[in-house]
Amino acid sequence: MNKAPIVLAVDTPSLETAIEWVKATQDHVSVFKLGLEFFLTFGAEGVKAIQGVTDSDIFLDLKLHDIPHTVSGAAKAVAHMAPKFLTVHASGGGAMVKAAVDALPSTKVTGVTILTSLSEADVSEIGFASAALQSAVNLAKIAVSAGAGAIVCSPLEISAMRQQVGTSPIIITPGVRPLDMVGTDDQQRTMTPKAAINAGANLVVIGRPITQSWTQGAQAMKERAQEIGADLI
Ligand code: C5P
């Protein structure tokens, strides 16, 4: 089965539901994203429960940000789960990113740049010297130079990122919406999954456009993942 370059955001407070979502979609989804809420609630046991029902990869979205020694320890603590991706804040600096990379040679340490929840005014208030796009590109370059194998950025930043970091880092973008869902929820500056891939992303993070179909049952959710994925393969 050809899995699409989709990272499914498994955003649910129920482990049982998470497992059912993974079972329903895993033929069409390459990577499952487990976030901080999931990890703090269900821990390594929860991650292993997900891995028990799929051979797709795990994206552990913990957004680590601390001194290098502490991040190294945290990264080593998740090594036994063998996540394909682990996020760290690039603003922790190159030494911190490298500490995670050294601790997890088989994982793609993934640099988060500027949170898209921050406005230009927020970015300026925090003290970044450049506007959000340029600051994000700078942070991506720091992360990649320190050994990060992937970066997360908004769809609108993909082209600039790709030009600056070259072809090898994996670019992962949330904030994508299939055409039939544009403007129906809180994601504002969106692109379609296909446009994001065409702009240079390797993987698109998709949550609700797929998970909302769970209310119609497992088969409907599977078909939705297949439909969105078919456009990307
Ligand atoms: O449901 P939806 O498709 O909006 O889910 C997108 C996922 O990507 C969520 O887990 C959300 O937290 C995450 N995300 C995002 N925008 C960012 C960074 C992460 O939507 N800038």
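The model shown is predicted, which means the values in this text are computed figures rather than measured ones.

### Focus on the site of the ligand
Thinking step 1. Taken together, Ala 9, Asp 11, Lys 33, Thr 116, Pro 174, Arg 177, Gln 187, Val 205, Ile 206, Gly 207, Arg 208 and Pro 209 make up the full set of residues adjacent to the ligand.
Thinking step 2. Between the ligand and the protein, one listed contact pairs an oxygen atom with a side-chain N or O atom of Lys 33 at 3.0 Å.
Thinking step 3. For the shell around the ligand, the secondary-structure elements that each account for two or more residues are strand 8 (203-206) and helix 9 (208-211).
Thinking step 4. Taken together, the residues of the shell around the ligand break down into 5 nonpolar, 3 polar and 4 charged.

### Things to note about the pairing of strand 2 (residues 29-35)
Remember that side chains alternate between the two faces of the sheet whenever the strand is regular.
Thinking step 1. Across the 7 residues of strand 2, 7 count as buried, placing the element largely inside the fold.
Thinking step 2. As defined by bridge partners, strand 1 (residues 4-9) adjoins strand 2 across 4 bridges and the pair is classed as parallel. Each residue of the ladder has a partner; that of Ala 4, found in strand 2, is Val 29.
Thinking step 3. The pairing of strand 2 with strand 3 (residues 57-64) spans 5 bridges and is classified as parallel. Residue pairing across strands places Leu 34 opposite Leu 60, the latter belonging to strand 3.
Thinking step 4. In this fold, the crossover linking strand 2 to strand 3 by way of helix 2 (residues 36-51) has right-handed handedness.

### Observations regarding the sheet that holds strand 2
Thinking step 1. If you trace the 8 strands once around the closed barrel, you get 1-2-3-4-5-6-7-8, paired in parallel fashion. Across the sheet, the mean angle from the axis of one strand to that of its neighbour is 25°, orientation sign disregarded.
Thinking step 2. Against the sheet, helix 4 (residues 94-103) contacts strand 3, strand 4 (85-89) and strand 5 (108-112), and its axis sits at roughly 160° relative to strand 4.
Thinking step 3. Contacts between helix 10 (residues 218-230) and the sheet are confined to strand 1, strand 2 and strand 8, with strand 1 contributing the most and set at about 135° to the helix.

### Brief notes about the pattern of salt bridges
Thinking step 1. Summed over the entire model, instances satisfying the criterion amount to 11 salt bridges.
Thinking step 2. Here Asp 61 makes a salt bridge to Lys 33, at a shortest N to O gap of 3.0 Å. Of this pair, Asp 61 sits in strand 3 while Lys 33 sits in strand 2; the two residues are 28 residues apart in sequence, bridging distant segments of the chain.
Thinking step 3. On the basis of relative accessible area, Asp 61 is assigned to the buried category, the value being 9%.
Thinking step 4. Here Arg 224 and Glu 227 are joined by a salt bridge, their closest N and O atoms 3.2 Å apart.

### Describing unusual backbone geometry
Thinking step 1. The phi dihedral of Lys 63 is positive, around 45°, even though this residue is not glycine.
Thinking step 2. By the element assignment, Lys 63 lies in strand 3.
Thinking step 3. Despite not being glycine, Ala 82 has its phi angle at roughly 45°, a positive value.
Thinking step 4. With respect to the helices and strands, the residue Ala 82 is situated in the loop between helix 3 (68-78) and strand 4.
Thinking step 5. Overall, the relative accessible area of 54% leaves Ala 82 in the exposed class.

Criteria and cut-off values
Here the residue index of a chain counts from 1 through its sequence in written order. In keeping with the predicted nature of the model, local features appear solely for residues at pLDDT of at least 70, side-chain atom pairs appear and are counted solely at 80 or more, and the whole-chain, interface and lining totals rest on all residues. The side-chain quantities take in all heavy atoms of the structure and omit both hydrogens and water. Whether a residue is near a molecule or strand is decided by its heavy atoms; if any one of them lies within 4 Å of it, the residue is near. N or O atoms within 3.5 Å of each other form a polar contact, as long as, within protein, one can give a hydrogen and the other can take it, and as long as residues adjacent in sequence are counted only when both atoms are side-chain atoms. Here a helix means four or more residues in a row that DSSP labels H or I, a strand means two or more in a row labelled E, and each is numbered from the N terminus. The residue classification treats Ala, Val, Leu, Ile, Met, Phe, Trp, Tyr, Cys and Pro as nonpolar and Asp, Glu, Lys and Arg as charged. All others, Gly included, are polar. Three exposure classes are used, based on accessible area relative to the maximum for each residue type with a 1.4 Å probe and protein chains only: buried under 20%, partly exposed in between, and exposed over 50%. Two strands form a pair only when DSSP identifies at least two bridges running between them. Every crossover in which the path from the first strand over the helix to the second runs clockwise, viewed with the strands pointing away from the viewer, is termed right-handed. An axis is simply a line fitted to the C-alpha atoms; with a helix, the fit covers only the stretch in contact. Between two such axes, the angle follows the N-to-C directions and lies from 0 to 180 degrees. Contact definition: two residues touch when any of their heavy atoms are within 4.5 Å. When a carboxyl oxygen of Asp or Glu lies within 4 Å of a side-chain nitrogen of Lys or Arg, that pair is called a salt bridge.

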